[in-house]
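Read off the chains here:
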Amino acid sequence: MRVDWQPALILHKRAYRETSLQLDVLTQDYGVLGLIAKGVTGAKKHILRAQLQPLQHVKICFQLKSELGLLTQSELLTDGLIVNGERLMAGLYFNELVLKLCPRHDGDSELFQLLLHARNDLANTEHLAWLVRRFERDLIAHLGYMTPWSYSAKGEQLDATLFYRVHNELGVLACDTSAPGALSGQDIINFNNDALPSKPGLLQLRKIMHSVISLHLGNSLPRSWKTMGELTQAMLK
């Protein structure tokens, strides 16, 4: 099957033989794919290599004959994204989550738009820890891995003055402020309404999101977590 000029996001690249690259890409209509880009590591191919870096938004032509297809052409769809340090690590973490959680060859235009928006947000000045928590939330909710947080497990409206803990299967349960994993009702309400939670709330939400993700990944946990954990304090400043 040949596909021409499909919008795509580069998720990961690695060297393949002497002059080629093996790419993981998220396409708009065909989902996550593995593609070989032949002959792109030579000295005269630096422009093409720049297009095929992780986080870049491109349009591609490719042929699919098996699990691993062949990239035949690519062009940037938007200006190349340039981010460094913590924001680069966050973007690579987004890509790793998609690779680990999402099935291959499963077209999902909503997933594509979700990652594209998160990738674009990396270029602005939005609070980075909040951007990361929001992407985790939206991704696992999209995949159906998270119980609703709009109401408590008893069907009661959340109270901003109370504290709650989150159970992966039951949902939101009222608790004492000293209970392990206690999260203020106001922070949960903010989380639901796309408003920035408090600093303690963001730290607790990190643990909760990772607990949900771990439940579905087993031993294949994101390698980014260690590095991202070391950056968390800096991200919350």
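Per chain, residues are indexed from 1 in the order of the written sequence. Per-residue local features of the predicted model are confined to residues with pLDDT of at least 70, and side-chain atom pairs are confined, for both listing and counting, to 80 or more; whole-chain, interface and lining totals are unaffected and use all residues. Each side-chain value is worked out from all heavy atoms of the structure, with water and hydrogens disregarded.

Here a helix means four or more residues in a row that DSSP labels H or I, a strand means two or more in a row labelled E, and each is numbered from the N terminus. Check the secondary structure of the protein and you find 7 helices and 8 strands. C-alpha extents for the protein along the principal axes are approximately 60 × 35 × 30 Å. For the protein, buried positions account for 46% of its 237 residues. It only takes one pair of heavy atoms within 4.5 Å for two residues to be counted as in contact. Of the contacts formed within the protein by residues at least 6 apart in sequence, a portion of 59% connects residues at least 24 apart. What sets the accessible areas is the Shrake-Rupley method with a 1.4 Å probe; for residues, cover comes only from the shown protein chains. About 12100 Å² of surface is accessible on the protein, with carbon and sulfur atoms providing 50% of the total. A positive count includes Lys and Arg, and a negative count includes Asp and Glu. His and the chain ends are not counted in either. Note on charges: their place is set at NZ of Lys, CZ of Arg, CG of Asp or CD of Glu. In the protein, 25 side chains carry a positive charge and 23 a negative one; their mean positions are 10 Å apart. Only protein chains enter the calculation, and the probe is 1.4 Å; a residue is then buried if its accessible area is under 20% of its type maximum, exposed if over 50%, and partly exposed in between.

With respect to the secondary-structure elements, Gly31 resides in strand β3 (residues 31–37). Judged by relative accessible area, Gly31 falls into the buried class, the value being 1%. For Gly31 and Ala8, which are 23 residues apart along the polypeptide, the C-alpha to C-alpha distance reads 9.1 Å. Excluding residues within four positions of it along the chain, Gly31 makes contact with Val25, Leu26, Asp106 and Gly107.

Working definition of a nonpolar core: buried Ala, Val, Leu, Ile, Met, Phe, Trp, Tyr and Cys residues. They are joined through side-chain atoms within 4.5 Å. One finds Leu26, Phe94, Val98, Leu115, Phe135 and Trp149 to be the most contacted residues of the largest nonpolar core, which totals 45 residues. Of all elements in the fold, only β1 (2–16), α2 (85–101), α3 (109–121), α4 (128–142), β6 (163–167), α5 (185–192) and α6 (199–217) reach the threshold of two or more residues within this core. When sequence neighbours within four positions are dropped, the list of residues in contact with Val98 reads Leu11, Leu26, Val32, Leu111, Leu115, Phe135 and Leu139. Counting residues in each nonpolar core, the second largest holds 16 residues, with Leu21, Leu33, Ala37 and Leu64 among its members.

Although it is not a glycine, Trp5 sits at a positive phi angle of roughly 50°. What makes Trp5 partly exposed here is its relative accessible area of 33%. Backbone geometry places Asp194, a non-glycine residue, at a positive phi of 60°. Along the chain, Asp194 falls in the loop between α5 and α6. Asp194 gets classed as partly exposed once you look at its relative accessible area, which sits at 43%.

Moving on to the pairing of strand β7 (residues 171–175). Across the 5 residues that make up β7, a large majority, 4, are buried. At least two DSSP bridges between two strands are required for those strands to pair. Two strands pair when backbone bridges link them, and β6 and β7 are joined in this way by 5 bridges, in the antiparallel orientation. When the bridges of β7 are listed, His167 appears paired with Gly171. The turn joining β6 and β7, which pair antiparallel and follow one another in sequence, is formed by 3 residues.

Attention now moves to the packing of aromatic side chains. Aromatic pairing here means that ring centres of Phe, Tyr or Trp (its six-membered ring) are within 6.5 Å. Orientation follows from the plane angle: under 30 degrees is stacked, over 60 is edge-to-face, and everything else is tilted. Enumeration over the complete set of coordinates arrives at 4 aromatic pairs. Judged by centre distance (6.0 Å) and plane angle (90°), the rings of Tyr30 and Phe62 are edge-to-face. Within this pair, whereas Tyr30 is found in the loop between β2 (20–27) and β3, its partner Phe62 is found in strand β4 (residues 57–63), the two being separated by 32 residues in sequence. Consider the rings of Phe94 and Phe135, whose centres lie 4.4 Å apart with planes at 35°: the pair is tilted. With Phe94 in helix α2 and Phe135 in helix α4, this residue pair connects regions lying 41 residues apart in the sequence. Phe135 shares its class with Phe94; the two are buried. Counting every residue linked through ring pairs, the aromatic cluster contains Trp130, Trp149 and Phe191. When the ring centre of Trp5 is taken as origin, the NZ or CZ atom of Lys59, which lies over that ring, is 5.2 Å away. Any Lys NZ or Arg CZ found within 6 Å of a ring centre and within 35 degrees of that ring's normal is scored as a charge over the ring.

Below, the discussion takes up α2. Compared with an ideal rise of 1.5 Å per residue, which puts 17 residues at 24 Å, α2 spans 24 Å between its outermost C-alpha atoms and is within 8% of the ideal. If you check which residues of α2 are buried, you get Arg87, Ala90, Gly91, Tyr93, Phe94, Asn95, Glu96, Leu97, Val98 and Leu101. To estimate how far a helix should extend, the number of its residues minus one is multiplied by 1.5 Å.

Sheets are built from strands paired through backbone hydrogen bonds, the pairs being either parallel or antiparallel. Spatially, the 5 strands close up into a barrel ordered β1-β2-β3-β5-β4, and their pairing is mixed. Neighbouring strand axes in the sheet, compared pairwise and without regard to direction, differ in orientation by 55° on average. Pairing of β1 with β4 involves 6 bridges; the strand directions are antiparallel. Note on β4: the bridge partner recorded for Pro7 is Lys59. Lines are fitted to the C-alpha atoms to define the axes, a helix being fitted only along its stretch in contact, and any angle between axes, read from their N-to-C directions, falls within 0 to 180 degrees. In this fold α2 packs onto β1, β2 and β3, with an angle of close to 105° to the strand it touches most, β1. α3 rests against β1, β2 and β4 of the sheet, and its axis sits at about 60° to β1.

This brings us to the packing of α3 against α4. For the pair α3 and α4, interaxial distance at closest approach is 11 Å and the crossing angle is 180°. Relative to α4, the element α3 is oriented roughly antiparallel. Contacts between α3 and α4 involve Glu110, Leu111, Leu114, Leu115, Ala118 and Asp121 from the first element and Leu131, Arg134, Phe135, Asp138, Leu139 and His142 from the second. Our angle categories are set so that under 35 degrees counts as roughly parallel, over 145 as roughly antiparallel, 65 to 115 as roughly perpendicular, and the remainder as oblique.

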